[in-house]
Structure formats: structure tokens, C-alpha cells
Amino acid sequence: MQDAVAADERRLASTRERFLTSTTEAFAADQVRKSILDSWWRSRRLRVPADKIVLPYVREPDLDSPLIRAATPVLERLGDQLDGQPISLILTDPTGVVLTQRTGDADLHRKLERVELVPGFSYGEQFVGTNGIGTALEEGRPTHVFGHEHYAENLEVLACAGAPILHPVTGKLVGAVDLTCWSRDAGRLLVALAQSAAEQISQTLLTHSNPRELALFQAYLRACRRTNGIVLAFNDGLVMMNDHARQLLDPADQSVLIGHATQAVVERRTCTADVALPTGSKVRSQCRKVFGQTRNEVAGVVLCGKLIDSESEGAGVPEPRLPMFLPGAVGSAPLWLRCAHDVDSAYNAAEWLVLGGDPGVGKTTLARCVHQRRHPTGRVHLLDAANADADWPDQLRRELVEDPVDALVIRHVDRLSGSALATTMRLLRLASPTTWVAATMAENNVGRPELAELRGLFPRTVRVPPLRRHVEDLSELVPLFLNRLGHGGQLTCSPAAMHLLMRFDWPGNVAELHHVLKLAVQHRRTGTIQPGDLPAEFRTLTRRPLSRLESMERDAIVQGLADSGGNKVQTAQLLGMSRATLYRKIHEYGIVTPER
């Protein structure tokens with residue numbers, strides 16, 4: 001039995017070592033628990049050192065907080081039950097800063113001091129990598145990390161089990177409780193004890209809760225039971241919302257509703273109103289004060305509401321956005337679908353609209369595709385105001401007045417100024433009533449005061465989200481682009497390459513994605529796109545900007561690893577550097593190497 005355990009530990013240690021040196025995206029998930037592997041990847045991307053522990057001393061813990069007062073009797077009782085056992089009881093704040101540590105074994109206490117698992121230091125994942133405290137806080141659930149599952153090798157002789165502590169009223173994360181012992185003594189009981197302690201502390205917090213919070217929480221629960229619509233409850237330091245509010249409202253919408261309710265209560269205006277939201281939706285809301293123990297003490301405000309059709313008075317929560325077929329465009333993420341439905345609604349109502357968004361998000365494509373969906377045989381023309389010259393008035397007059405098209409998309413209309421802007425507005429006012437016009441603007445120019453008169457000709461504004469906010473659509477966009485670039489669908493994208501694409505920030509949005517795939521197709525015209533076919537920056541995880549020299553060095557290492565099939569000995573020889581230097585550079589640049 002002991003031999004089998006030792007063999008498992010050796011395999012885990014070997015797996016961790018291979019992970020730290022290869023960092024391949026195709027790393028075998030069956031060799032380590034998924035939650036641990038996910039945490040290893042987070043630690044790697046955060047550039048946490050695996051060979052040493054460097055922790056910041058954050059602050060002197062506040063030992064007179066509600067969390068300390070609630071946790072102290074719970075941890076004292078548990079400590080008495082474990083008296084004499086080599087187990088440490090640790091309490092942290094929600095960021096992983098150790099508040100208290102109680103250890104009944106001198107050797108274990110000295111070890112914890114050496115790795116700075118002591119009050120005032122943070123054991124968040126961003127500082128020490130995979131561990132029972134930081135990983136439990138990151139994942140929001142009880143977590144155990146035993147032995148070589150730790151990211152930092154200095155912790156491999158320890159086992160820890162952590163559980164997050166949630167506030168019983170707000171559900172907000174307020175801290176974590178962790179039990180740490182020697183890895184040789186670890187068992188599942190450790191997890192059960194940590195979870196039980198966290199639950200007891202959470203319940204004890206109820207007795208220490210602010211009476212205002214309790215009154216607001218009870219009013220929020222009553223409102224949730226009485227309606228199936230949107231419910232928000234808030235005061236100066238607390239916001240609660242139900243699932244409907246989270247699913248149907250963007251953060252900007254939530255802020256507008258809270259601001260409206262606050263103002264209405266302060267000014268003692270009628271608390272029933274229709275509120276227009278930034279995303280174009282409208283909410284019929286009712287809000288009321290919630291009082292504390294006396295009528296002079298306001299605990300907060302509760303707002304109930306339902307989305308209503310802005311074109312009618314019919315109230316009700318709309319059905320979730322259905323997938324929309326757009327010829328030449330794909331996407332099923334909620335943000336993209338909301339945007340596509342908004343443009344389609346404007347077209348159906350014959351409303352001209354402004355499409356705002358960052359460069360490359362697909363503003364022109366979306367307008368053109370919606371027109372083709374609604375009017376497949378109609379003419380849609382494009383004009384680019386960025387190229388406005390002496391012929392600009394004649395071009396506009398032809399498209400809008402003399403030979404009016406069914407739809408006109410004017411790109412970069414925010415770049416017009418002076419006489420060109422005045423001429424554009426004059427001709428738009430003369431446009432044929434049968435022509436639908438959409439204009440595109442850069443996101444940072446949508447609200448420019450000098451364009452206010454121009455915007456007044458367009459009843460609606462729709463913002464197209466950046467690709468990073470609907471990155472899940474890459475699973476549809478990549479096959480679409482490869483089908484176009486590969487001349488007939490002979491190219492596919494491997495899961496490993498797709499993973500690299502999906503973790504990228506895409507500052508250039510969909511246009512940048514198309515460019516990257518175009519470069520990849522130059523290397524591979526048939527078969528499957530592999531990580532090695534993507535540009536070097538997609539095979540690294542570095543978060544800091546690199547100098548030109550560093551970029552050249554990174555690209556040389558990436559190319560060397562690709563040429564050698566991931567063989568680091570050969571790569572070091574090819575590049576004329578030692579293996580130790582190569583390993584350091586791979587870690588420094590966060591290079592993702594191919595599995596041999």
C-alpha cells in the first residue's frame with residue numbers, strides 16, 4: 001500500500017515537473033485533477049515563480065473585525081478537538097491575507113514560518129500559485145491541495161484544505177478558513193473539517209450583521225417571492241440582485257436603474273417610472289425605501305421591474321434572444337445576439353441608426369448582413385467618409401437622391417468635419433424615404449458634441465461589442481474564416497490552436513482574427529491548423545510588453561522549439577544557450593511548447 005502511494009507521489013511530482021518545463025496546451029488532463037491543472041495554468045499565466053516563495057507583507061491584521069469575532073469561537077472549539085495533532089488552523093480575508101494562525105505542532109509551525117504562511121502575508125494564487133487558500137478563494141468552493149499538487153515546490157511537503165466563507169446576508173465572499181498539515185498525514189477528513197468550520201463561521205456572522213443589512217436582506221427576499229421580474233436591493237455599501245437582473249441587464253443598465261431609484265427616493269418623486277437603459281431596453285420600475293429599526297433609519301432601497309417593449313406598452317420579461325441567421329456573419333454569444341437583434345429591429349422599423357464600436361468589431365458587416373437578411377435582392381452600397389474628397393457630395397447625392405439604393409452604409413462618418421459634414425447632413429435630409437441608412441463611428445467618438453446634429457438624424461445607436469466580450473464566438477468565427485481562406489472548407493482548427501486563440505485579448509477584434517488566420521493559412525493550406533501555425537505571440541503567456549530585442553529572442557526560441565518538435569536539448573544547441581538558460585527564458589516569456 002505504501003509503495004503504491006509513493007509511486008503515485010512520484011508520478012504526480014513528474015507530472016508537475018513536465019508541466020513547468022513544457023507548458024504545452026495539450027497537457028494530459030488525466031494525469032492530475034482538473035481543478036489543480038486549471039490552477040496551475042492560472043499560476044503560470046500570472047508568472048508565479050515555482051522555485052521560490054516571494055510574498056508581500058500586506059498589512060497588520062485587524063483583529064477587531066466581524067469576521068474575527070465570528071471565527072474565533074469556532075476555531076477555538078476546533079482547535080481543542082484537534083489538540084496535539086500536527087494541524088494548523090488558518091483564517092484569511094477575501095484576498096488571502098492571513099489573519100490568524102493557530103498551530104499545535106512546533107515543527108509544523110516552524111515550516112509555516114519559513115514559507116511565510118503567517119499573519120499579514122497574502123496566500124492569494126497570484127503570489128504563491130496553487131494552494132488551499134488561494135485556490136479555494138479563486139474557485140469559490142472548498143478545495144484541497146496535497147503535496148506535489150502545490151505550484152511552488154517549497155510547499156510540496158504540506159497538505160492544505162481551504163473553504164471560502166460567505167456572508168449569510170449578502171452572499172459576499174468575506175474570507176476563508178484553511179487547515180494545513182504534513183502531506184504524509186493528509187486525508188479527506190481535512191476537507192470536511194474546513195468546510196464545516198466555514199459554514200459555522202458563516203452562521204455566526206449572522207449574529208454580528210448590521211441591523212440595516214438584515215432589514216434590507218429580508219425586504220429583498222420578500223420582493224423575490226412576490227415577483228418573477230427584476231429585483232435589485234441596495235444601500236451605500238451593498239447591492240443584491242436576482243438571476244433575472246443578472247441575465248437581462250448589463251452592468252451599465254444596472255447602474256442606471258440604481259441611480260434612478262436613488263434619485264427618486266431622495267427627491268420623493270413617484271417611485272413608479274419607465275426607465276430607458278443604455279443598451280436600448282426599457283424597464284418599468286417600482287422602488288421603495290426599506291427602513292431599519294426605526295422610521296428615521298433608512299436601510300436601503302428595493303427596486304422591482306420588468307423589461308417592456310419600447311415600441312408598445314405591453315409589459316413583461318422578454319424571451320431569451322434566439323439565434324439569428326445572418327448571411328455572412330456568425331455568433332451566438334448573448335452580447336452579440338442582443339446587438340444583432342437591435343440592428344434587425346431598427347431595420348424592420350425603418351429607423352436609421354449609428355453603429356458604434358472599436359475598430360474591427362464588424363460594424364459594417366453587421367449592417368450589411370442585416371439588410372441582406374431582410375431584403376436579399378435589394379441593393380446595399382458602402383461609402384467611406386474617411387476617403388471623402390471633392391467627389392463626396394456627388395457620391396452621396398447619387399446614392400441617396402438621384403438613384404437611391406435600398407440601404408447605404410456610411411463608414412467612419414465621425415471623421416467628417418467642416419463643409420463635408422454640413423453637406424452630408426444636408427443630403428441626408430433630402431434622402432429618399434425608401435433608403436435605410438446606417439453610419440459607423442468609433443466608440444470614443446459616439447458622444448462627441450460636434451456630431452450631435454448629425455446624430456440627431458439617426459434615431460437609434462447600437463454599440464457592437466469588442467471580440468474579447470464574446471470570445472466564445474470564435475468557435476463559429478474561426479471555421480467561417482477558414483472556409484473562406486481555405487477555398488472550400490479543407491482547413492480545420494485543432495483544439496490546442498483554438499485554445500490559444502480564445503485566450504487572446506484581440507485588441508484588433510474580428511479584423512485581427514481574420515488577419516491572424518490569413519497568416520496561418522499561408523503556412524498550412526489543407527489539414528488542421530496547429531499551434532505552430534500561429535504567430536509567435538499566440539504561443540506565449542507573458543503579460544508584460546517586450547522590447548524589440550526580447551521579442552526577437554522569444555520568436556527565435558518559439559521557432560527553435562517548433563523545428564525540434566519540442567526537444568529542449570536540441571533547441572538549446574541550435575540557439576547556442578544552456579538548457580538552464582532555455583528553461584529560464586521559456587518561463588520568463590511564458591512560451592507554450594509543443595508536446596514531444
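These numbers come from a predicted model, not from an experiment.

Engineer: Which residues make up the overall build of the chain, and what values do they have?
Structural biologist: Scanning the chain for helices and strands turns up 21 helices and 17 strands. Along the first, second and third principal axes, the C-alpha atoms of the chain reach 90 × 80 × 40 Å. Every one of the 596 residues in the chain was classed for burial, and the buried ones make up 47%. Of all intrachain contacts in the chain linking residues separated by at least 6 positions in sequence, the fraction that spans at least 24 positions is 65%. Of the roughly 28800 Å² of accessible surface on the chain, a fraction of 50% belongs to carbon and sulfur atoms. Between the averaged position of the 69 positive side-chain charges in the chain and that of its 69 negative side-chain charges there is a distance of 2 Å.

Engineer: Can you lay out the sheet that holds strand S4 (residues 158-166) for me, pointing to particular residues and giving the numbers?
Structural biologist: Pairing within the open sheet is antiparallel, and its five strands lie in the order S2-S1-S5-S4-S3. Strands with a single pairing partner mark the edges of an open sheet, and in this sheet they are strand S2 (98-103) and strand S3 (143-146). Across the sheet, the axes of successive neighbouring strands diverge by a mean angle of 15°, strand direction being ignored. As paired strands, strand S1 (residues 87-92) and strand S5 (residues 173-182) are joined by six bridges and run antiparallel to one another. Bridge pairing links Ser-88 to Thr-180 in S5. Running at roughly 25° to S4, helix H7 (residues 188-207) makes contact with S1, S3, S4 and S5 of the sheet.

Engineer: Describe helix H11 (residues 334-348), with residues and values.
Structural biologist: In this model, H11 (15 residues) spans 21 Å end to end at C-alpha, consistent with the 21 Å of a helix rising 1.5 Å per residue. Among all positions of H11, only Trp-336, Leu-337, Arg-338, Cys-339, Ala-340, Asp-342, Val-343, Asp-344, Ala-346 and Tyr-347 are buried. Backbone geometry just downstream of H11 places Ala-350 in the positive-phi region, at approximately 60°.

Engineer: Go over the packing of aromatic side chains with me, naming the residues and quoting the values.
Structural biologist: Scanning all chains against the criterion turns up six aromatic pairs. Each ring, one from Tyr-57 and one from Phe-121, has its centre 5.2 Å from the other, and the planes form 75°; the classification is edge-to-face. Note that Tyr-57 is positioned in the loop between helix H2 (34-45) and helix H3 (66-81) and Phe-121 in the loop between helix H4 (106-114) and helix H5 (125-128), a separation of 64 residues in sequence. The exposure class of Tyr-57 is partly exposed, given its relative accessible area of 43%. On the basis of an interplanar angle of 70° and a centroid distance of 4.7 Å, the ring pair of Tyr-347 and Trp-436 is categorised as edge-to-face. On the criterion of sequence distance, the pair formed by Tyr-347 in helix H11 and Trp-436 in strand S14 (residues 436-442) is long-range, its members being 89 residues apart. Every member of this aromatic cluster is reached through a ring pair, and the members are Phe-19, Trp-40 and Trp-41.

Engineer: Can you lay out a positive patch on the surface for me, pointing to particular residues and giving the numbers?
Structural biologist: Together, Arg-222, Arg-225, Arg-226 and Arg-288 give the surface a local cluster of positive charge. Considering each element in turn, the positive patch owes the most residues, three residues, to helix H8 (residues 211-226). Mapped onto the elements, Arg-288 comes out in strand S9 (residues 282-291). Overall, the relative accessible area of 37% leaves Arg-288 in the partly exposed class.

Engineer: So what's going on with the packing of helix H20 (residues 568-575) against helix H21 (residues 579-589)? Residues and values would help.
Structural biologist: At their nearest, the axes of H20 and H21 sit 9 Å apart, and the two run at 100° to each other. Between H20 and H21, the crossing angle belongs to the class labelled roughly perpendicular. Contacts between H20 and H21 pair Lys-568, Val-569, Thr-571 and Ala-572 from the former with Arg-579, Leu-582, Tyr-583 and Ile-586 from the latter. Residues that form the contact of H20 with H21 fall into these classes: five nonpolar, one polar and two charged.

Engineer: Account for the pairing of S14, with residues named and values stated.
Structural biologist: Most of S14 sits out of view: six of its seven residues are buried. Where strand S13 (residues 407-411) lies against S14, four bridges are found, and the strand directions are parallel. Residue pairing for S14: Leu-408 is matched across the bridge by Val-437. As for the winding sense of the linkage, the β-α-β connection from S13 through helix H14 (residues 418-429) to S14 is right-handed.

Engineer: Describe the confidence of the model for the chain, naming the residues involved and giving the relevant values.
Structural biologist: When pLDDT is averaged along the chain, the result is 84, and 90% of the positions lie at 70 or above. Per-residue pLDDT, averaged within each element of the chain, yields its smallest value for H21 (75) and its largest for S13 (95). Contacts of residues 310-320 to residues separated by more than four positions or lying in other chains number 19 contacts, the stretch itself having pLDDT below 50.

Engineer: Residue-level account of the environment of Thr-461, with values.
Structural biologist: Counting through the fold element by element, Thr-461 comes out in strand S15 (residues 460-463). Taking the C-alpha atoms as reference points, Thr-461 and Ala-346, 115 residues apart in sequence, are found 9.4 Å from one another. Apart from the residues lying within four places of it in its own chain, the contact partners of Thr-461 are Val-354 and Val-446.

Engineer: Summarise the side chain of His-144; cite the residues concerned and give the values.
Structural biologist: Relative to the assigned elements, His-144 resides in strand S3. Apart from residues lying up to four places away in sequence, His-144 is in contact with Arg-33, Ile-36, Glu-149, Cys-160, Ala-161, Arg-188 and Val-191.

Engineer: Residues and numbers for the sheet that holds S15, please.
Structural biologist: In spatial order, the strands read S12-S13-S14-S11-S15; together these five strands make up an open sheet with parallel pairing. Edge positions in the open sheet fall to strand S12 (380-384) and S15, since each of these has one partner strand only. Shown here is a sheet whose adjacent strand axes are inclined to one another by a mean of 20°, direction ignored. Where helix H13 (residues 392-402) meets the sheet, it contacts S12, S13 and S14, and its direction lies at approximately 160° from that of S12.

Engineer: Give a description of the packing of H3 against H7 that names residues and reports values.
Structural biologist: In contact at an axis separation of 9 Å, H3 and H7 are set at 135° when each is read in the N-to-C sense. By the criterion of interaxial angle, the relationship of H3 to H7 is oblique. H7 is crossed by H3, and the crossing has right-handed handedness. Listed contacts from H7 to Pro-66, Leu-67, Ala-70, Ala-71, Val-74, Leu-75, Arg-77 and Leu-78 of H3 are Leu-193, Ala-197, Gln-200, Ile-201, Thr-204 and Leu-205.

Engineer: Could you give me a rundown of the pairing of S4, with the residues and numbers involved?
Structural biologist: The buried fraction of S4 is high, at eight of nine residues. Bridge count between S4 and S5: nine bridges; the pairing is antiparallel. Bridge pairing in S5 links Ala-163 to Val-177.

Engineer: Which residues make up unusual backbone geometry, and what values do they have?
Structural biologist: In the Ramachandran plot, Ala-350 falls in the positive-phi region, its phi being about 60° despite a non-glycine side chain. Mapped onto the elements of the fold, Ala-350 is located in the loop between H11 and strand S11 (353-357). The backbone phi angle of His-412 is positive, close to 55°, even though this residue is not glycine.

About the cut-offs
- Residues numbered from 1 in each chain as written.
- Predicted model: local features only at pLDDT ≥ 70, side-chain atom pairs only at ≥ 80, totals over all residues.
- Heavy atoms only, no water.
- Helix = DSSP H or I, 4+ residues; strand = E, 2+ residues; numbered from the N terminus.
- Buried < 20%, exposed > 50% of the residue type's maximum accessible area, 1.4 Å probe, protein only.
- Contact = heavy atoms within 4.5 Å.
- Areas by Shrake-Rupley, 256 points an atom, 1.4 Å probe, with all protein chains shown as cover.
- Lys, Arg positive; Asp, Glu negative; His and termini not counted.
- Charge placed at Lys NZ, Arg CZ, Asp CG, Glu CD.
- Pairing = 2+ DSSP bridges.
- Axes fitted to C-alpha atoms, helices over the stretch in contact; angles between N-to-C directions.
- Expected span 1.5 Å × (residues − 1).
- Phe/Tyr/Trp six-rings, centres within 6.5 Å; stacked < 30°, edge-to-face > 60°.
- Patch = residues over 30% accessible without salt bridge, like charges linked within 9 Å, V, L, I, M, F, W, Y side chains within 5 Å.
- Salt bridge = Lys/Arg side-chain N within 4 Å of Asp/Glu carboxyl O.
- Parallel < 35°, antiparallel > 145°, perpendicular 65-115°, else oblique.
- Nonpolar A, V, L, I, M, F, W, Y, C, P; charged D, E, K, R; others polar.
- Right-handed = clockwise from strand over helix to strand, strands pointing away.
- pLDDT = per-residue confidence, 0-100.
- Left-handed = near helix turned anticlockwise from the far one by under 90°.

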